[in-house]
Every structure is written in structure tokens, then in C-alpha cells.
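Below, each chain spelled out in residue letters.
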Amino acid sequence: MCIAFGLQGGGTGKTTISFNVAVKMAREGRRVFFIGMDMGRQSAVYLWDKRVADHIYKGEIATIREYFRGKARPLEIAYESSIKNLFFVPAGHGKVEVKELKKSAALFSKLISEYKRYGRVIIDCPGSGGLSSALDYLMVFSSCDSFVPVVEPNEASIANAIRLANMAYLSNVPVNLVVLNKVREENYNLMERARKILTIEGNVIPVKYSDKFVDAYEKGAPLVDLYPESEEAKSIAKIAEVIERSARSVIKAGPERIKTALSIIEGQEVAEIDLSIFRHIKDLFRRK
Ligand SMILES: Nc1ncnc2c1ncn2[C@@H]1O[C@H](COP(=O)(O)OP(=O)(O)OP(=O)(O)O)[C@@H](O)[C@H]1O
Ligand SMILES: [Mg+2]
């Protein structure tokens, strides 16, 4: 199974949540491939091994970018981490190009299906808005089995998530779990609203606002390891459990999957995304 965590919005906790879920699964004995799709930012590497991060920044180790260029094979870019069973796959610098979306999606699908033969795949999606991020998401949607929006408890974040969840759904990727992160007492009234993000039956799991997350982040350690008995670690465990219980492989993966999304996006209000570019992508698919 392959689960993508994301939201087009900075700092909602995508990396924190997805990374902790990956660690939790690995600690339970499952092999996990953690893909840091934060093209060029790789915030997750700082959470576990600064040396790897330095190598990536200096362009010294192969990443998804090299795989896309035919210079590395899938298992060659899955790096062993200090956590048993957990492998890190860095995206490297660069972005998905419009005219290459179809090809990128096909290659990405191959990459994911290779990892799925050996274990579970968790994708930490980028947060910045705009075109490059939209293309990144379409590429991810071509290949993942389920999408988990990591939402902050405010209307704008929820609206963003609904839009992205629809895009996922139109790509045949269900949304049956939403993480409402950084929740404080007064935010619980947004739980109902957050349920609107789900595209099929599922759960909204709140994760409270907590300094323990910041502390763990700054120490470069997973919260589930630092505070295994905490309420926060229990929320992470719940997310991992729901994923395990509900994940089903979406039958067909590959660029074909995002065709419907492209055909509908055009007619929608998609803030921050240049629609003319989507028309261009649509043409690519039409041409065949
Ligand atoms: N539940 C939480 N309570 C308090 N702080 C949190 C919580 N979750 C995440 N944070 C903090 O919020 C900041 C942003 O988190 P993180 O980097 O995971 O977000 P992101 O969505 O991946 O950001 P980006 O869009 O830059 O990729 C970090 O400092 C992290 O420690
Ligand atoms: Mg991040």
C-alpha cells in the first residue's frame, strides 16, 4: 500500500505526522519506504540524519531525480535510516515539468509498485502552493492508494483540503482519513466541518497542538520514540492503525488515472493554480 500525506499550505504538519506514522509502522516490524516529495526542500531528512541531507544538498547521492533520468534504480535510491525497517527515498532538487507530467507519472508509478513489492510506502507531499506543487500532486495521485490531508483547524486550510481531496478522488484515489493537526480545545467544533473533506466513509483524527512535537522536531527525533506513552504518540498510533485497517490497493495506477481529474479541474475554481497550464496538460493527454 502507498499512502500520501499532504496539503497545499505550509507548515500544517505533513512531515511531522507522516514521518512519525512511518516510524511507528517500522517500529512494529513493517518495512517502510518514506518518500520525501518536498522537491528541493527535504525537510524530513533533518528529522533523522543530517549527513544524508548534506549529501542531497550537494547533489552527491542519487535521488528520485536521478531515477527519472534513468541513472538510478528504485532500490538504489532507498537509503537505510538509523531506524530499523525504515528506508528514506529523497526527491532531490527539481520539479515536475508540465510537458513531462505523463512520463513522470508513468515512471513514478513504476517506482511505487517496485517499493510496494517489499513493504509499505508513505509519501510526504510538498506544501507550497502554485503550479509546481499541483503537478507534484497529480503525479503522486497517479500512483498512491489513498490520500491523507493534514489540515490545520481553520476554514482556509479545510477549504484547501476539500479542493485537493476532490482532485484525488477524481484521480481514483480515495480520502478516508483526515488528520486535523494542531488542535486546541476551541477547535473541536471544526471536526464536523473537517469531515466534509472525506470522499468516502472514514475518520477524522485530531492531533492536539503540543510543544512535544516542536521539541521532537528540534531534537531531530521522532516523537513516537521520544514520548512513546504520550497522548500525541497515541494519536499517531491511531492514524497508523486506521491506515493498516483500511488501505486497499487501487487497482490501476499510472498516468491514465489522472485523466478525469484533468478534465474536470478545467471547469473549476482552483485558486493559486494557473488554469491555462491545466488546459495545456489536458492537451497532452488528448493527443495520445
Ligand atoms: N501537533 C502539533 N503541535 C505543535 N506543533 C506542531 C504540530 N505538528 C507540527 N508542528 C510543528 O509545526 C512546524 C511545521 O511542521 P512540519 O514541518 O511537519 O509541517 P509541513 O506541513 O511538513 O511543512 P511544509 O509545508 O514546510 O512541508 C514544525 O515546527 C512542527 O514541529
Ligand atoms: Mg514538510
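From a predicted model like this one, the values you see are computed outputs, not experimental measurements.

The next thing to look at is the site of ligand 1. In the vicinity of ligand 1, 19 residues are found, and the nearest of them are Gly13, Lys14, Thr15, Thr16 and Asn181. At 2.9 Å, a side-chain N or O of Tyr217 approaches an oxygen atom of ligand 1. Compared with its free state, where it exposes 630 Å², ligand 1 has 89% of that area covered by protein. Put simply, the parts of the chain that give the shell around ligand 1 at least two residues each are helix H1 (14-27), strand E7 (177-183) and helix H9 (211-219). Split into classes, the residues belonging to the shell around ligand 1 amount to four nonpolar, ten polar and five charged.

With that out of the way, let us pick up the nonpolar core. Counting residues in hydrophobic clusters, the biggest one holds 57 residues, and the most contacted among them are Ile64, Phe108, Ile123 and Phe141. Setting aside residues no more than four positions away along its own chain, Ile123 makes contact with Cys2, Ile3, Ala4, Phe5, Ile35, Met37, Phe108, Ile112 and Val140. Judged by nonpolar contacts, the second largest core, of 35 residues, contains Val150, Val179, Ile236 and Ala240.

With that settled, the discussion passes to H1. Taking 1.5 Å of rise per residue, 14 residues should cover 20 Å, and H1 covers 20 Å from first to last C-alpha, within 8% of that figure. Across the 14 residues that make up H1, a large majority, twelve, are buried. Regarding H1, the residues found buried are Lys14, Thr15, Thr16, Ile17, Ser18, Phe19, Asn20, Val21, Ala22, Val23, Met25 and Ala26. Backbone geometry just after H1 places Gly29 at a positive phi near 100°.

Residue position: Ser18 is located in helix H1. Judged by relative accessible area, which is 0%, Ser18 ranks as buried. Within the structure, the side chain of Ser18 is placed 2.7 Å from the backbone oxygen of Lys14, a separation counted as a polar contact. Setting aside its immediate chain neighbours within four residues, Ser18 contacts Phe5, Phe34, Ile122 and Asp124.

Cut-offs applied
- Residues numbered from 1 in each chain as written.
- Chains lettered and ligands numbered in written order.
- Predicted model: local features only at pLDDT ≥ 70, side-chain atom pairs only at ≥ 80, totals over all residues.
- Heavy atoms only, no water.
- Near = heavy atom within 4 Å.
- Polar contact = N/O pair within 3.5 Å; in protein donor to acceptor, adjacent residues only side chain to side chain.
- Areas by Shrake-Rupley, 256 points an atom, 1.4 Å probe, with all protein chains shown as cover.
- Helix = DSSP H or I, 4+ residues; strand = E, 2+ residues; numbered from the N terminus.
- Nonpolar A, V, L, I, M, F, W, Y, C, P; charged D, E, K, R; others polar.
- Core = buried A, V, L, I, M, F, W, Y, C linked by side-chain atoms within 4.5 Å.
- Buried < 20%, exposed > 50% of the residue type's maximum accessible area, 1.4 Å probe, protein only.
- Contact = heavy atoms within 4.5 Å.
- Expected span 1.5 Å × (residues − 1).

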